[in-house]
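One letter stands for each residue in the lines below.
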Amino acid sequence: MAEDLVGPTTTKTLIPMVILLGSLSYAADAQGAFYPGPFHVVVVLVAVALLASMVITRSAAWAHQVLKDPLVLVAGALIVVTVASSPVAGPPADATGTVSLLLAMAGAAGVVKSLAPGPRQLLVAGIVTLAVIVALIGWAGVVARWQPEALTSQGLWRAASTLTYENALAAF
């Protein structure tokens with residue numbers, strides 16, 4: 001399992017998990033990292049978390065396991081399709097955002113693969129806590145009728161939270 005690949009949990013092995021959770025927190029606060037500036041910050045933070053995982057793990061077995069991960073394989077296939085089809089769809093540079101998102105997704109999978117069970121559980125707890133906080137902000141926005149934390153749609157107030165889009169909050 002992961003402990004066999006990365007060894008015992010130490011403060012050093014928690015660094016990639018903290019960076020990844022920090023990138024998710026930043027994205028939740030920055031309207032889901034929808035706009036280019038915040039999106040680039042999230043991609044860079046995920047890359048830093050992956051780099052930290054690589055430096056801390058230093059394991060060929062981990063790298064092999066990451067490259068065989070189905071999520072990473074699907075992301076790789078979608079990157080190939082995106083790059084191959086981009087000249088037909090418009091300027092090839094327009095594929096940069098999609099490719100960056102797919103690389104960040106694969107990088108996050110690599111970070112999670114590098115974590116031992118304890119830090120993985122901490123990451124899950126952090127994600128659940130983040131989701132609860134975002135939902136509470138949305139609910140408070142509905143009660144207090146704060147915009148953009150809550151928005152009206154067809155005469156009803158709907159929670160949007162820091163994501164500022166009701167359906168994105170519902171998906172989160």
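For the structure itself, consult the block above.
Now for a description of the structure that goes with this document. Position numbers for residues count from 1 along each chain, tracking the sequence in the order it is written. Only residues with pLDDT of at least 70 are given local features in this predicted model, and only at 80 or more are side-chain atom pairs given and counted; all residues enter the totals for whole chains, interfaces and linings. Excluding hydrogens and water, the side-chain values take into account all heavy atoms of the structure.

Digging into the pairing of strand E2 (residues 156-159)
At least two bridges found by DSSP between two strands are what make those strands a pair. Strands are runs of DSSP state E lasting at least two residues, helices are runs of H or I lasting at least four, and both sets are numbered from the N terminus onward. In the sheet, strand E1 (residues 150-153) pairs with E2 via 4 bridges, with the strands oriented antiparallel. Across the sheet, Ser-153 pairs through a bridge with Leu-156, a residue of E2. Linking two consecutive strands that pair antiparallel, namely E1 and E2, is a turn of 2 residues; a positive phi of about 55° is found at Gln-154 within it.

Section: unusual backbone geometry
Looking along the chain, the bond that leaves Gln-147 and enters Pro-148 is cis, with omega of 10°. Tracing the backbone shows Pro-148 in the loop between helix H7 (117-144) and E1. Of note, Arg-145 is a non-glycine position whose phi angle comes to about 55°, a positive value. Relative to the elements of secondary structure, Arg-145 occurs in the loop between H7 and E1. Throughout, exposure labels follow a simple rule: accessible area from a 1.4 Å probe, protein chains only, divided by the maximum for the residue type, with under 20% read as buried, over 50% as exposed, and the rest as partly exposed. Residue classification places Arg-145 among the exposed positions, given a relative accessible area of 53%.

With respect to the environment of Arg-120
You can see Arg-120 is positioned in helix H7. On the basis of relative accessibility, which here comes to 30%, the residue Arg-120 falls in the partly exposed class. Residues Arg-120 and Leu-14 lie 106 residues apart in sequence; the distance between their C-alpha atoms is 9.4 Å. Of note is the side chain of Arg-120, whose polar atom sits 3.0 Å from the backbone oxygen of Val-112. Distance and chemistry together define a polar contact, namely a pair of N or O atoms within 3.5 Å, with one atom able to donate a hydrogen and the other to accept it when in protein, and with adjacent residues in sequence counting only for side-chain atoms on both sides.

Digging into a nonpolar patch on the surface
A grouping of Val-124, Val-128, Val-132, Leu-136 and Trp-139 is seen on the molecular surface, where their side chains present a nonpolar patch of about 500 Å² in accessible area. You can see Leu-136 is positioned in helix H7. Note on Leu-136: relative accessible area 46%, which makes it partly exposed. Residues qualify for a patch when their relative accessible area is over 30% and they have no salt bridge, like charges being joined within 9 Å and the nonpolar side chains of Val, Leu, Ile, Met, Phe, Trp and Tyr within 5 Å. Every accessible area reported is derived by Shrake-Rupley at a probe size of 1.4 Å, with residue values counting cover from the shown protein chains alone. Any Lys or Arg side-chain nitrogen found within 4 Å of a carboxyl oxygen on Asp or Glu counts as a salt bridge.

Digging into the nonpolar core
Remark: nonpolar core denotes a set of buried residues (Ala, Val, Leu, Ile, Met, Phe, Trp, Tyr, Cys) joined through side-chain atoms within 4.5 Å. Grouped together as the largest cluster of nonpolar side chains are 12 residues: Met-17, Leu-20, Leu-21, Ala-27, Ala-33, Val-42, Val-46, Ala-49, Ala-104, Val-111, Leu-115 and Leu-123. Looking at this core, the elements that each hand over two or more residues are helix H2 (11-29), helix H3 (36-57) and helix H6 (96-114). Throughout, a residue-residue contact means that at least one pair of heavy atoms, one from each residue, lies within 4.5 Å. Once residues within four sequence positions are removed from consideration, Val-42 is found in contact with Ser-23, Tyr-26, Ala-27 and Ala-33. Counting residues in hydrophobic clusters, the runner-up holds 10 residues, among them Ile-79, Ala-95, Val-99 and Ala-106.

Shape descriptors only; they carry no functional weight alone.
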